[in-house]
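Given next are the chains, with one letter for each unit.
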Amino acid sequence: MVAPLPDLPVDAIELRRFAEQQAHKLAILETEIKERDYRIEKLEHQLAGLRQHRFGARSETLDQLRLALEEEEIAEGAQTPPAGDVDHDTAADAKDLPKRKPRRGPLPAHLHREEQVLSPGETCVECGGALKALGEDVTEELEYVPGRFVVNRIIRPRCACRNCETFQQASLPSRPIERGRPGPGLLAHVLVNKYADSLPLYRQSKIFGREGVDLSRSTLADWVGASTALLEPLAEAVRRHVLAGGAIFADDTPVKMQAPGTGATKKTFLWAYARDERPWSGQPPPAVFYRLSTDRKGIRPADHLKGYKGWMHADGYTGFNEITGTGDVHEVACMAHVRRKFVDVHRATGSVIAEGAILRIARLYGVEKEARGCSPAERAALRGDKARPVLDELERWLSEQLTRIFGKSDLAQAIRYALKRFPKLRPYLDNGFLEIDNNTAERAVRGVCLGRKNYLFMGSEGGGQAAAIAYTLIETAKLNGVDPQAWLTGVLDRIADHPINRVDDLLPWVWTEHRRVEQSTLLDKAA
């Protein structure tokens, strides 16, 4: 119901004063309405987020005590040889080792045995006389062939010369874990299960138990720690390869870590740095390396990327200013982060302005789809013709819309973020080897986020460092289309004796080529 109009003053001066009073009241009411609209929009945005959290994908409820111990024991395993996994032929030396765990019993008798006989030869190395058998030493090694366990029986006959009685025996080949019983295939299987398939060690222990093999979580943690320590030089080779690129992608994700002595957890960060030149048909293989830090200070990425010169795609985190401020590294902004803020606003409020921004950004991605696979020069030319006008128009349009909406709204914040990031996004228009977004790095941390839902937190900093090494190798193998378990099996089988100055020969793309050549040679011989 409309209230009746009050009697208006007849005098012109009083009428002016009345009009000013009403205008002041109207301004107050408009301000109150804007404030109310802002509160409503903010509450709707929060409600949408709560609904997503309530009804979206949820993490499982896990046994936190077991998961806390896993990473701590992995860190210990990287420092101390597994005392519980002692060979029968070296049991006498085991008394000198730290007694952390009881000595394990024999391997299950029901498992299939594959025997390998290492003969010392037929003649004495000292005098050339014939050898006679004195007995043999048998070392059993638990191995995992995809789908089943087997036991490798390494038999080394003990022989003596019939003439001079010189004792002779073949030496035991190097294994990934000295004094241990796991074969390289089993170690690779455990690593891939944990870091590629997000399967915690205590679950793996239960799965192995169903197959009649008793492997405790602590034993598996020892194996993971020792394996990642052995593989660290290879992870460092991946890092060198990534930093040799002209453009990299950087991102980080929080990971909870148990705080010693408190029973609580603290926030740590796993950083990912990737190199991927496939979008413009670059020849160097893609790769990614990871680093763990206990805080998010800018000195962390500066330390991780020490010595790097080039372009870095990032999400606008101010900590990167530590490295970009030197002038050696130039930041490239991420359009995906800009778009995501408008998507969140549109989902929460149905804003027409947010929808308009999303549609304009989609046109930019349409140009990128057309440019994929072209050379850097072709990509730069295509972007100059088709993408630059769209980006210019988007920037002007957003600036106009910002003057028409309430300045404290989520939509206004999204617009201000976009306008702030556009200057650092524009280099992608002129440099065909750059990308429009940082999705390469975001994909690199996706596996970590999935694993985080399963193990909830890391038990120690050492366990986190082991995870960074494992993620580096497994995710790099996946980027190159290499089966991480097959590759790690081959690497662990030979890395103990491999020259450290030739560690690059074990990188997944080099290993794949060597394996292809070996298979081709075998086929030629068979023919």
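Right above here is the structure, for reference.
Residues numbered from 1 in each chain as written. Predicted model: local features only at pLDDT ≥ 70, side-chain atom pairs only at ≥ 80, totals over all residues. Heavy atoms only, no water.

### Things to note about the overall build of the protein
Looking only at helices and strands, the protein has 16 helices and 10 strands in total. Burial analysis of the protein (527 residues in total) assigns 47% to the buried set. When contacts within the protein are restricted to residue pairs at least 6 apart in sequence, those whose partners lie at least 24 apart make up 69%. Surface summary for the protein: the accessible area is close to 27,100 Å², and the carbon and sulfur share equals 52%. (Helix = DSSP H or I, 4+ residues; strand = E, 2+ residues; numbered from the N terminus. Buried < 20%, exposed > 50% of the residue type's maximum accessible area, 1.4 Å probe, protein only. Contact = heavy atoms within 4.5 Å. Areas by Shrake-Rupley, 256 points an atom, 1.4 Å probe, with all protein chains shown as cover.)

### Some points on unusual backbone geometry
Working note: non-glycine residues mostly have negative phi, and peptide bonds are mostly trans. One non-glycine residue with positive phi stands out, namely Glu 165, at about 65°. Relative to the assigned elements, Glu 165 resides in the loop between strand E3 (148-161) and strand E4 (167-168). Positive phi values are uncommon outside glycine, yet Ser 198 reaches one of about 55°. Along the chain, Ser 198 falls in the loop between helix H3 (184-195) and helix H4 (201-210).

### Focus on the packing of aromatic side chains
Overall, the coordinates contain seven aromatic pairs when judged by the stated rule. Between Trp 271 and Phe 320 the ring centres are 6.1 Å apart and the planes differ by 80°, which places this aromatic pair in the edge-to-face class. With Trp 271 in strand E6 (residues 265-275) and Phe 320 in the loop between strand E8 (310-313) and helix H7 (321-324), the pair connects residues that are 49 residues apart, well separated along the chain. Judged by relative accessible area, Trp 271 falls into the buried class, the value being 0%. Given the relative accessible area of 0%, Phe 320 is considered buried. Over the ring of Tyr 317 we find Arg 296; its NZ or CZ atom is 3.8 Å from the centre of that ring. (Phe/Tyr/Trp six-rings, centres within 6.5 Å; stacked < 30°, edge-to-face > 60°. Lys NZ or Arg CZ within 6 Å of the ring centre and 35° of its normal.)

### So, helix H9 (residues 352-371)
Think of an α-helix as 3.6 residues a turn; residues three or four steps apart then line up on the same face. Its 20 residues place the ends of H9 29 Å apart at the C-alpha level, agreeing with the 28 Å of an ideal helix rising 1.5 Å per residue. Listing the buried residues of H9 in full gives Ile 353, Ala 354, Gly 356, Ala 357, Ile 358, Arg 360, Ile 361, Leu 364, Val 367, Glu 368 and Ala 371. The inward-facing, buried residues of H9 abut helix H8 (335-349), helix H10 (376-402), helix H11 (410-425) and helix H12 (427-430). Within two residues after H9, Gly 373 carries a phi angle of roughly 90°, on the positive side. (Expected span 1.5 Å × (residues − 1).)

### Comments concerning the side chain of Thr 253
Structurally, Thr 253 is set in strand E5 (residues 247-258). Overall, Thr 253 belongs to the buried group, its relative accessible area being 6%. Discounting residues that sit within four places of it in the chain, Thr 253 has contacts with Thr 268, Phe 269, Leu 270, Val 445, Val 448, Cys 449 and Arg 452.

### Comments concerning the layout of surface pockets
The computed volume of the largest pocket comes to approximately 360 Å³. Forming the walls of the largest pocket are 18 residues, and the residues nearest its centre are Glu 143, Pro 184, Gly 185, Thr 489 and Asp 493. When residues of the lining of the largest pocket are traced back to their parent elements, those giving at least two are strand E2 (131-145), E3, H3 and helix H15 (484-494). Of the residues that constitute the lining of the largest pocket, the class distribution is eight nonpolar, six polar and four charged. (1 Å grid on protein atoms, 1.4 Å probe; cavity = no way out; pocket = protein on both sides within 12 Å on 5 of 7 lines; lining within 4 Å. Points joined across faces, edges and corners; volume = space filled by probe spheres on them. Nonpolar A, V, L, I, M, F, W, Y, C, P; charged D, E, K, R; others polar.)

### Regarding the packing of H9 against H10
Between H9 and H10, the least distance of the axes is 9 Å, while the angle of their chain directions is 175°. As the angle between them shows, H9 and H10 are arranged roughly antiparallel. Between H9 and H10, the contacting residues are Ile 353, Gly 356, Ala 357, Arg 360, Ile 361, Arg 363, Leu 364, Val 367, Glu 368, Glu 370 and Ala 371 on the first element and Arg 379, Leu 382, Arg 383, Lys 386, Ala 387, Val 390, Leu 391, Glu 393, Leu 394, Trp 397, Leu 398 and Gln 401 on the second. (Axes fitted to C-alpha atoms, helices over the stretch in contact; angles between N-to-C directions. Parallel < 35°, antiparallel > 145°, perpendicular 65-115°, else oblique.)

### Quick look at the environment of Pro 260
Relative to the helices and strands, Pro 260 is located in the loop between E5 and E6. A relative accessible area of 72% means that Pro 260 is categorised as exposed. Spatially, the C-alpha atoms of Pro 260 and Ser 460 are 7.9 Å apart, while their sequence positions differ by 200 residues.

### Observations regarding the pairing of strand E7 (residues 287-293)
Consecutive side chains along a regular strand alternate between the two faces of the sheet. Burial within E7 is extensive, with six of its seven residues counted as buried. Pairing of E6 with E7, which is carried by seven bridges, proceeds in the antiparallel orientation. Directly across from Phe 269, in E7, lies its bridge partner Ser 293. (Pairing = 2+ DSSP bridges.)

### Describing the pattern of salt bridges
Where side chains of opposite charge bring their charged atoms close, a pairing between them can arise. Evaluation of the coordinates by the stated rule reveals 25 salt bridges. A salt bridge links Glu 236 to Arg 291; its shortest N-O distance comes to 3.1 Å. Linking Glu 236 in helix H5 (residues 217-243) with Arg 291 in strand E7, this pair joins segments that are 55 residues apart in sequence. Where Arg 340 meets Glu 442, a salt bridge forms, and the shortest distance between an N and an O atom there is 3.0 Å. Residue Arg 340 is found in helix H8, and its partner Glu 442 is found in helix H13 (residues 439-455); the two are separated by 102 residues along the sequence. What makes Glu 442 buried here is its relative accessible area of 17%. (Salt bridge = Lys/Arg side-chain N within 4 Å of Asp/Glu carboxyl O.)

### Considering the environment of His 189
Note that His 189 resides in helix H3. Residues His 189 and Val 145, spaced 44 residues apart in sequence, show a C-alpha to C-alpha distance of 8.9 Å. Not counting residues up to four positions away in its chain, the partners in contact with His 189 are Tyr 144, Gln 204, Phe 208 and Gln 485. At 3.3 Å, the side chain of His 189 forms a polar contact with the side chain of Gln 485. (Polar contact = N/O pair within 3.5 Å; in protein donor to acceptor, adjacent residues only side chain to side chain.)

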